[in-house]
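# Understanding the architecture of this molecule
Here is how the chains run, residue by residue.
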Amino acid sequence: MQTGKIKRKLPIILIGKKFWKACINWEAFVEYGMISESDASQLHFVDTAEEAFECLTKGILDVEAQEALCPSSPKASKRSLQENRTGA
């Protein structure tokens, strides 16, 4: 996220909606520049493992679909180089 070490916009899953929303004022973090709006949009609050799995799966599929549409993404560029080397 903020450090830029993870290049993909993967969902960040926080289990325990009530706890995380009461514990940290996420909107204030954005307002004061502690995190970006983009980073905040990656946060997903869930209560169960099933919700977490669904959210994570959907998020990964969304990222992969976006990368397929945007060939300039780091992952797509790497995939293209590998395909060129192997002739795939």
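These lines cover the structure that appears in this document, whether it is placed above or below. (Residues numbered from 1 in each chain as written. Predicted model: local features only at pLDDT ≥ 70, side-chain atom pairs only at ≥ 80, totals over all residues. Heavy atoms only, no water.)

All told, the structure shown has 4 aromatic pairs when counted by the stated rule. Ring centres 6.5 Å apart and planes at 45 degrees place the aromatic pair Trp20 and Trp26 in the tilted group. Exposure remark for Trp20: the relative accessible area of 23% places this residue in the partly exposed category. Note on Trp26: relative accessible area 15%, which makes it buried. Members of the aromatic cluster, joined through ring pairs, are Phe19, Trp20, Trp26, Phe29 and Phe45. (Phe/Tyr/Trp six-rings, centres within 6.5 Å; stacked < 30°, edge-to-face > 60°. Buried < 20%, exposed > 50% of the residue type's maximum accessible area, 1.4 Å probe, protein only.)

In terms of nonpolar packing, the biggest core is built from 7 residues, these being Leu14, Ile24, Trp26, Ile35, Ala40, Leu43 and Phe45. Non-local contacts of Leu43, meaning those with residues more than four positions away in its chain, are made with Ile12, Leu14, Trp26 and Ile35. (Core = buried A, V, L, I, M, F, W, Y, C linked by side-chain atoms within 4.5 Å. Contact = heavy atoms within 4.5 Å.)

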